[in-house]
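Overview (structure and organization)
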Amino acid sequence: MNNWKDTLLFRALRQQPVPRPPIWLMRQAGRYLPEYRAIRKEAGGFLAMAKNPQIASEITLQPIRRFGFDAAILFSDILTIPDAMGLGLFFSEGEGPRFSQPLQTEEAIQKLRPASLEELRYVMDASVLTRQTLPAETPLIGFCGSPFTLACYMIDGSGGNFWRTRQMRFSRPDLLRRVLEINTISTAELLCAQIDAGCQAVMIFDSWGGLLGGDEYEDFSLSYIRHVVSLVKEKSDAPIIVFGRRCGLMLPALAACGCDAVGVDWQTSLRMARRMIGGKVAIQGNLEPAALLGTPDIAAAAAARVLADYGDSSGHIFNLGHGVDKSTPPECVTAVVETVRANRSH
Ligand code: CP3
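An unreviewed UniProt entry annotates the protein as Uroporphyrinogen decarboxylase of Candidatus Doriopsillibacter californiensis. Quoted verbatim from the Catalytic activity (unreviewed entry) field of UniProt, the annotation for the protein is "uroporphyrinogen III + 4 H(+) = coproporphyrinogen III + 4 CO2".

Set out below in structure tokens:
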């Protein structure tokens, strides 16, 4: 895309003046959309859809067509990397992700190797195809999980409180570090490959870094994120967004990791986030997803409060504080998009 630098997303990421903030939503493609559910029924489940570039690309486009978001995020998952490492990702109906071969012995961790990008070819194929089909003015965002967030799923084998991973941090930090180092290589490689395949920006999801204590956050999550960011920046100038869930107190440190923007969840007000970040990087967020579960009026009013909370300046990318919930009425998403589009105070 040649006019990418003029898009609202790029301008906001660079903290340049914008007529209104760009808007896109984490999990903007998903089960709340009837058109997604229709394809899912045919395709036989989430993983089959994510691994089929035609389908993944079509699903990426669904929310762009319906709502006209200012950015698309590739339809895929952070857990494709450990799946490609041979851990056997699967989803059973009504449950979160699981691995058939989690890292539950020292031997399994010693044997772990970075994922081969060949095993992840479907992600890049979907990026190329999506870039070809997306409107030229809509940037495409690629993504990965943080090394620590991936390690949580890989070691525990499923979502939850991640007791095994948290215990390993005390009992065998050397083993945990080995997993984190391998994840650093794989996530950086995948982000670079997504950029080569047509993504204009990338995002790192640290959904579980907030489980770590203050000093441990630097040691077991942020230092690896910083390394991923520097490896990607060596190869490309694509903007990098880092989202840390329940990481409010870490925002100043996150903002200094070399990224271009930080994603903020709803526990930290944007007013506070701005004060903590001091204009160093752009800010993405942070409407509570539950605000979209009632009526369009309620959703619109809540979105207006987020806009007001940020205030009238550039450097804001409107988003939720976490993903769109599956029971969200699409009309509430429309109401949020309209509220942000009508906002002229920026
Ligand atoms: O944001 C987007 O629309 C892009 C696609 C995307 C998905 N997962 C699709 C998905 C992205 C960026 C992710 C990231 C992801 N995946 C994270 C980090 C963000 C976060 O939510 O904290 C995590 C922790 C995962 C792991 C994962 N994958 C979980 C916990 C689940 C179950 C969630 C659920 O709602 O059941 C998944 C499956 C998944 N990934 C779905 C989607 C749309 C649900 C798929 C379905 O059942 O149809």
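**Side note on the sheet that holds strand E8 (residues 282-287)**
In space, the 7 strands of this open sheet follow the order E1-E4-E5-E6-E7-E8-E9, with parallel pairing throughout. Of all strands in the sheet, those with a lone pairing partner are strand E1 (72-73) and strand E9 (316-320), marking the two edges. As paired elements, strand E7 (residues 261-263) and E8 share 3 bridges and run parallel to each other. The partner of valine 262 across the bridge, within E8, is isoleucine 283. Each of strand E4 (140-145) and strand E5 (201-206) touches helix H10 (residues 173-196); the most contacted strand, E4, lies at about 170 degrees to it.

**Some details on the UniProt feature "binding site: substrate" (unreviewed entry) in the protein**
Mapped onto this numbering, the UniProt entry gives "binding site: substrate" (unreviewed entry) at Arg27, Gln28, Ala29, Gly30, Arg31, Asp77, Tyr153, Ser207 and His322. Judged by maximum C-alpha separation, these annotated positions cover 296 residues in sequence and are scattered in space, the widest gap reaching 22.8 Å. In this structure, the largest pocket is lined, among the annotated residues mentioned, by Arg27, Gln28, Ala29, Gly30, Arg31, Asp77, Tyr153, Ser207 and His322. The residue serine 207 is located in the loop between E5 and helix H11 (214-235) in this model. Here serine 207 falls in the buried class, since its relative accessible area comes to 15%. Inspection of the secondary structure assignment puts histidine 322 in the loop between E9 and helix H15 (330-341). The contacts of histidine 322, once residues within four sequence positions are left out, are Met26, Phe243, Arg245, Trp266 and Pro289.

**Considering the layout of surface pockets**
Reported here for the largest pocket is a volume of approximately 1400 Å³. Lining the largest pocket are 43 residues, with Arg27, Arg31, Asp77, Phe91 and Pro97 positioned closest to its centre. Going through the elements one at a time, helix H2 (34-43), helix H3 (46-50), strand E2 (89-91) and helix H8 (147-156) are the ones with two or more residues in the lining of the largest pocket. Residue classes in the lining of the largest pocket are distributed as 22 nonpolar, 12 polar and 9 charged.

**A short note on the nonpolar core**
Core analysis: the biggest nonpolar cluster contains 126 residues, and Trp24, Leu287 and Leu292 have the highest contact counts within it. Of the residues forming this core, the biggest block, 11 residues, is contributed by H10. If we skip the residues at most four places from it in the chain, tryptophan 24 touches Leu9, Phe69, Ala71, Ile73, Ile141, Met203, Gln284, Ile317, Phe318 and Asn319.

**A look at the packing of aromatic side chains**
This structure, assessed with the given rule, holds 10 aromatic pairs. Between tyrosine 32 and phenylalanine 67, the aromatic rings sit 6.5 Å apart at their centres with planes inclined by 15 degrees, giving stacked as the arrangement. In this pair, tyrosine 32 sits in the loop between helix H1 (8-13) and H2 while phenylalanine 67 sits in helix H4 (residues 53-67), placing the two residues 35 residues apart along the sequence. Each member of the pair tyrosine 32 and phenylalanine 67 is classed as buried. With a centroid separation of 6.1 Å and an interplanar angle of 70 degrees, the aromatic rings of phenylalanine 205 and phenylalanine 243 are classed as edge-to-face. Remark: phenylalanine 243 occurs in strand E6 (residues 240-244) and phenylalanine 205 occurs in strand E5; sequence separation between them is 38 residues.

**Concerning the environment of leucine 251**
Among the structural elements, leucine 251 can be located in helix H12 (residues 251-255). Each C-alpha atom of the pair leucine 251 and isoleucine 317 lies 16 Å from the other, and the pair is 66 residues apart in sequence. The contact partners of leucine 251, leaving out residues within four places of it in the chain, are Val262, Val264, Thr268, Ala273, Met276 and Ile277.

Conventions and cut-offs
Residues numbered from 1 in each chain as written. Predicted model: local features only at pLDDT ≥ 70, side-chain atom pairs only at ≥ 80, totals over all residues. Heavy atoms only, no water. UniProt positions renumbered as here; feature names shortened; annotations may be inferred. Pairing = 2+ DSSP bridges. Helix = DSSP H or I, 4+ residues; strand = E, 2+ residues; numbered from the N terminus. Contact = heavy atoms within 4.5 Å. Axes fitted to C-alpha atoms, helices over the stretch in contact; angles between N-to-C directions. 1 Å grid on protein atoms, 1.4 Å probe; cavity = no way out; pocket = protein on both sides within 12 Å on 5 of 7 lines; lining within 4 Å. Buried < 20%, exposed > 50% of the residue type's maximum accessible area, 1.4 Å probe, protein only. Points joined across faces, edges and corners; volume = space filled by probe spheres on them. Nonpolar A, V, L, I, M, F, W, Y, C, P; charged D, E, K, R; others polar. Core = buried A, V, L, I, M, F, W, Y, C linked by side-chain atoms within 4.5 Å. Phe/Tyr/Trp six-rings, centres within 6.5 Å; stacked < 30°, edge-to-face > 60°.

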